[in-house]
Amino acid sequence: MKLFPLSPRAIAILFLLLAGGMPAWGEEPAQEPARFLIEKITVEGPKQAAANIVRAEILLRPGGLYTEDQLRQAVYRVHRLPFVLDATFSLRKGSRRGAYELLIEVEPARWFFYDAWVRAFAFEQPVVLRDETFRGDRSSVALVGLAGARLFVGRSGVVFAAVDSQEGGQVGFTQYDLFHRGILASAGISRDACCVTEVLPLGLDPTFSSWSFGPTIRFSLGLSIPLSGPQSIQFAASERQGDHGTQEEVLVPPGVPEGFRSMTGENLSYRRAEAKWVWDTSDDPVVPTRGLSVSAGLEASRFAARDLVLYVVDPLTLETLASSTASSLRSEQVVGALSVIQHWPVTPRQTVSVQCRISAGRSRVETLDLKGDVANSHADTYGGSVGVDHAVTLRRSRKAGDLNDVRLESGVEVGAETVSPHIPPSPLRRIAVHTGLVFRNAWGRARVSLSYVNFRKGDR
């Protein structure tokens, strides 16, 4: 029998094909992860309506086969519910061999909740933020927070009311397991008598300014549709309306000869909407220790203010040096954004987190007064940030009636935002360093933090 000779290259390819299709000598073939037949799901701890929400949120059905990781991810979804403090799962023997009962034990939060935050800032240069600092200061201390109550209604609904130091009075309703499909829908409304401040992105206001609304009302809607595994599609929309408000540039050196610029306007409105795909395997929304969160989607926003009046104010005496009527402002932008947050447990008590975000889009600004000139322009907008955080758990208690966490969290973040063609202060760069303590118990969360913030504008 005549054999066809093989070249060295053909011999090498044949060897790789054979090696790839056969297990190595002495190596066990890869095994499928063990699956458990769940014939019954039991939730212990919360009352009936909350237990219904937990059963819907785990996205598991009796009679299904699930891996241990799928069961763990289901409990992580329960952890992320705002009224859950802690949750664990275990397997009990079922009615027949090979079948199990899944037991989920939940520690529910109290009906009353709070979130208090003492924030101390140190700035590289003076800034103007009406609700955070005094004009021209390089440091400030702010106390913000909210307190409220929740009530479960119907089969799987939650209604809440709260008083917020920044948003005023607010009420809202969340319906879980809509149409028995695990869909979440929410609606809320808040009203404040004075001084809610929004710092607009450069695509909406290229001057990098904060707008302080007078009496304001805000509406919000949300929808989350679960997909397979840890995936979901989420939609959100909100609108803030105010009768009048004030614009002030955030970065203004003190004592400049011409003074800093300020504007007042009537009938302010700020609308935002987003649609995104989300992948979330994080184990806790407040004190995460592991998991990955990824979101990608579109964000749209629109801002409008009428009957603007431009003022030039002495930064030392706050006296008006000059005033003039400015045009109304109308602006809008649409951006695509990608965000990633990864949490790694490096020790049983320490977690390192890395987060990043990139965005790009298009904006349009109409009749914006820029140093006395009116501009109507289209621009490309870009943004990005990278941050690293470290958290160490100083105390963790899971005793009955005594659940609390104390963590020391520190981190650094750098970011940039720009519009093209450039309008000063674009490109705007920032670096922020923070450290602080976070305390959580059955009623809510309290935080004390210190942050250093440095802005750089233009080509500096």
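What this report covers is the structure whose coordinates are included nearby. As the structure is a prediction and not an experimental result, all values here were calculated from the model.

The rules behind each value
Residues numbered from 1 in each chain as written. Predicted model: local features only at pLDDT ≥ 70, side-chain atom pairs only at ≥ 80, totals over all residues. Heavy atoms only, no water. Helix = DSSP H or I, 4+ residues; strand = E, 2+ residues; numbered from the N terminus. Buried < 20%, exposed > 50% of the residue type's maximum accessible area, 1.4 Å probe, protein only. Contact = heavy atoms within 4.5 Å. Areas by Shrake-Rupley, 256 points an atom, 1.4 Å probe, with all protein chains shown as cover. Polar contact = N/O pair within 3.5 Å; in protein donor to acceptor, adjacent residues only side chain to side chain. Pairing = 2+ DSSP bridges. Axes fitted to C-alpha atoms, helices over the stretch in contact; angles between N-to-C directions. Expected span 1.5 Å × (residues − 1). Core = buried A, V, L, I, M, F, W, Y, C linked by side-chain atoms within 4.5 Å. Salt bridge = Lys/Arg side-chain N within 4 Å of Asp/Glu carboxyl O. Phe/Tyr/Trp six-rings, centres within 6.5 Å; stacked < 30°, edge-to-face > 60°. Lys NZ or Arg CZ within 6 Å of the ring centre and 35° of its normal.

## Some details on the overall build of the chain
Assigned secondary structure in the chain consists of three helices and 22 strands. A burial count over the chain gives 42% of its 460 residues as buried. Considering only intrachain contacts with a sequence separation of at least 6, the fraction spanning at least 24 residues in the chain is 59%. Of the accessible surface of the chain, which amounts to about 24,600 Å², a share of 60% is contributed by carbon and sulfur atoms.

## A short note on the environment of D284
Looking at the element boundaries, D284 is found in the loop between β14 (260-280) and β15 (291-313). Residues D284 and Y76, 208 residues apart in the sequence, show an inter-C-alpha distance of 6.8 Å. Non-local contacts of D284, meaning those with residues more than four positions away in its chain, are made with H79 and R440. Among the polar contacts made by the side chain of D284, one reaches the main-chain amide nitrogen of V286 at a distance of 2.8 Å.

## Here's the deal with the sheet that holds strand β2 (residues 64-67)
Across the sheet, four strands lie side by side as β2-β1-β4-β3; this open sheet has mixed pairing. Lying at the two open borders of the sheet, with one neighbouring strand each, are β2 and β3 (84-93). With strand direction ignored, the average angle separating the axes of adjacent strands in the sheet is 45°. Relative to strand β4 (residues 99-108), β3 runs antiparallel, the two sharing nine bridges. By the bridge assignment for β4, F89 is matched with I104. Across the sheet, helix α2 (residues 48-57) touches β1 (35-44) and β4, and the angle it forms with β1 is around 160°. Each of β1, β2, β3 and β4 touches helix α3 (residues 68-79); the most contacted strand, β3, lies at about 150° to it.

## A few points about the pairing of strand β9 (residues 183-192)
Here strand β8 (residues 168-178) runs beside β9; their pairing, made up of eight bridges, is antiparallel. Bridged to L178 within β9 is I183. Taken together, β8 and the strand that follows it, β9, pair antiparallel across an intervening segment of four residues, in which F179 is found at a positive phi of about 60°. Relative to strand β12 (residues 216-226), β9 runs antiparallel, the two sharing nine bridges. Bridge assignment links S186 to a residue of β12, and that residue is G222.

## Looking at α3
Here α3 spans 17 Å end to end across twelve residues, near enough to the 16 Å set by a 1.5 Å rise per residue. Among all positions in α3, only L71, Q73, A74, V75, Y76, R77, V78 and H79 are buried.

## Re the nonpolar core
Membership of the largest hydrophobic core comes to 24 residues, with the highest contact counts inside it found for L60, V78, L81 and V106. Put simply, the parts of the chain that give this core at least two residues each are β1, α2, α3, β3 and β4. Discounting residues that sit within four places of it in the chain, V78 has contacts with V54, I58, V84, A87 and V106. Within the second largest apolar cluster, 13 residues are counted, among which are F213, L268, F303 and A305.

## Focus: the pattern of salt bridges
Taken as a whole, this structure holds 25 salt bridges when the rule is applied. The closest approach of N and O atoms between E198 and R240, which form a salt bridge, is 3.0 Å. Separated by 42 residues along the polypeptide, E198 in strand β10 (residues 196-199) and R240 in strand β13 (residues 231-249) bring together distant segments of the chain. Several salt bridges converge on common partners, so that one network encompasses R302, R330, E332, R364 and E366.

## A closer look at unusual backbone geometry
Cis geometry is found at the peptide bond from S420 to P421, where omega equals 5°. Tracing the sequence through the fold places P421 in the loop between β20 (402-420) and β21 (428-440). A positive phi angle, close to 55°, is found at F208, a residue other than glycine. Looking at the element boundaries, F208 is found in the loop between β10 and β11 (209-213).

## Side note on α2
Along α2, seven of the ten residues are buried, which leaves the element largely enclosed by surrounding structure. Of all the positions in α2, only A49, A50, A51, N52, I53, V54 and A56 are classed as buried. With its phi angle positive at about 60°, L59 sits one or two positions after the end of α2.

## Regarding the packing of aromatic side chains
The full count for this structure, using the stated rule, is nine aromatic pairs. Relative to F152, the ring of F83 has its centre 5.0 Å away and its plane inclined at 90°; by these criteria the two rings are edge-to-face. Of this pair, F83 sits in the loop between α3 and β3 while F152 sits in strand β6 (residues 137-153), placing them 69 residues apart in sequence. Take F83: its relative accessible area is 4%, and that puts it in the buried class. Site record: aromatic cluster; members linked through ring pairs are F83, F152 and Y176. Over the ring of W443 we find R110, and its NZ or CZ is 5.6 Å from the ring centre. Just above the ring of W117 sits the side chain of R119; from NZ or CZ to the centre is 4.5 Å.

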